[in-house]
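Letter by letter, the chains look like this.
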Amino acid sequence: MANLNGKKFNVGGVALDRPFKIRRLGHFGFNASDFEASRRFYFDLLGFFVTEPAGAGFFGRHAGDHHSFALFDKKKFNERQYAGHNAKHFREENDINQITWQVQSVAEMAEATKYFHDLGVEVMREGRAGGGGSQFHLYVWAPDEQIFELYYGIEQISWNGYARPVAMRHGNSIAPSEPQLPDYQLITNDIKKGISVLDGHRWVSELALKYRVDGVLLPQPFKITRVGPVKLFVDDYEKLKRWHMEVLGFTLTEEVDWQGERCAFLRCDNEHHSLGIFPKSWRKKLGLSEKTSNMSFGLQLANYQQLKDAVKFLRDNGVRVETDIIPPELHPGIDYAAYAFDPDGHCIELYCYMEQLGWDGKPRPKELRRKVDPNNWPEMLEPLSDTYTGEPFIGPWA
Ligand SMILES: [Fe+2]
């Protein structure tokens, strides 16, 4: 599938091949077969905050975005998501709840909705979320029947930790064709109607604050500072690589040959990769779960010390954590990585450093990358030219 035959779109005064520019991974989720076990893993151990319950699960966050991670009960989610005419999209191995990318304006969302309709891609949902987050959103069925979302303007949870009350969400099921009121005006109108801004959900943690983490006490010895990259096992490598590049506008950073097949690392920003595309035959070769089409979900921790502490903490809490299951040549751009397995066997890629690309879009030559022995991590690291660069974490950790 190509994009619309060379047509150019005006995106904020710049001519692009599609009417939007993906800026970052916004959120991601899993459908869990044992919800309580996975809740403990993601919220109690990894430290996502619960923003609010969401029908069959929880919206979770690590920063101000209303949700950066969603965890749903698989049985309840599947019963709802694949009911009626959506039954044809069901695949047992697809237990990613959604793969969601941010664009930068309401106009991009409106034009993106037309673009996908014009491409003949089946749209699942459009308009504005009424169910938490209040973002303008567009869900489509992507190749391999993955649930792909674009959004603009997700609600920010501020200093007081309260989510936006349900009565203030202004959900809508049609992409906007007219300019929208700014949120501050909608909220002023709602307050005048007598709705309280404190009617929303506020999470109260009961976890003991046992660890000193760079000057703050936390329930775990590390802090998630970024979500992604997302890595997928796909049916047709070339097709999925092209779809992400041509239809969505991802840039190919590099491909890696391994055991006679290839994988691709694609980006939407200056990070080496935001997305990885891997052939399904590698699930078995790498010893990863063959029950899921997700290869891994990345979580960046604040620094190398925290990454080391996370490995020990998770193992002490009964989590399987491996440092050598994915060979270093299959995670270029990330140096030290630990792979933690959730109760469903999903692979969580914990790391602290992501290579940053400059204006010329060239990754660091392989021979100039840090040499990593996955089974022998040094006490301290020498800095690289791009250590502690890239998008910083905004606001306090917790
Ligand atoms: Fe979403």
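Please read all numbers here as calculations on a predicted model, not as lab measurements.

Novice: Account for the pairing of strand β14 (residues 251-258), with residues named and values stated.
Specialist: Strand direction decides the pairing type here: β14 and strand β15 (residues 261-267), joined by seven bridges, are antiparallel. Directly across from aspartate 257, in β15, lies its bridge partner arginine 262. Counted between consecutive antiparallel strands, the loop separating β14 from β15 contains two residues, among which glutamine 259 sits at a positive phi close to 50°.

Novice: Tell me about helix α1 (residues 35-45), and please be specific about residues and values.
Specialist: Residues Phe35, Ser38, Phe41, Tyr42 and Phe43 constitute the buried set of α1. With its buried residues spanning 160° around the axis, α1 presents them on a single face. Away from its buried face, by an angle of more than 90 degrees, α1 presents the exposed residues Glu36 and Ala37. Packing partners of the buried residues in α1 comprise β3 (24-32), β4 (49-53), β5 (57-61) and β6 (69-73). Just downstream of α1, glycine 47 is the residue with a positive phi angle, here 95°.

Novice: Break down the domain arrangement of the protein chain for me, with residues and values.
Specialist: The assigned domain composition of the protein chain is domain 1 (1-157) and domain 2 (220-368). With centres defined by C-alpha atoms, the gap from domain 1 to domain 2 works out at 20 Å. The interface of domain 1 with domain 2 comprises 35 residues on the first partner and 31 residues on the second. Of all the elements in the fold, those that place two or more residues in the side of domain 1 that touches domain 2 are β3, α1 and β7 (96-102). The dominant element in the side of domain 1 that touches domain 2, judged by the number of residues it contributes, is β3, at six residues.

Novice: Outline the sheet that holds strand β8 (residues 123-128), listing residues and values.
Specialist: Read across the open sheet, the eight strands follow the order β4-β5-β6-β3-β7-β10-β9-β8; overall the sheet is mixed. Of all strands in the sheet, those bounded by a partner on one side alone are β4 and β8. Direction aside, neighbouring strands of the sheet carry axes that sit 20° apart on average. Inspection of the sheet shows β5 paired to β6 by four bridges, in the antiparallel sense. Bridge pairing in β6 places phenylalanine 59 opposite alanine 70. Of the strands in this sheet, β3, β4, β5 and β6 are in contact with α1, which crosses β6 at around 165°.

Criteria and cut-off values
Residues numbered from 1 in each chain as written. Predicted model: local features only at pLDDT ≥ 70, side-chain atom pairs only at ≥ 80, totals over all residues. Pairing = 2+ DSSP bridges. Helix = DSSP H or I, 4+ residues; strand = E, 2+ residues; numbered from the N terminus. Buried ≥ 20, exposed ≤ 12 C-beta atoms within 10 Å, placed from the backbone. Arc of directions from axis to C-beta. Contact = placed C-beta atoms within 7 Å. Domains from an automatic or database assignment. Axes fitted to C-alpha atoms, helices over the stretch in contact; angles between N-to-C directions.

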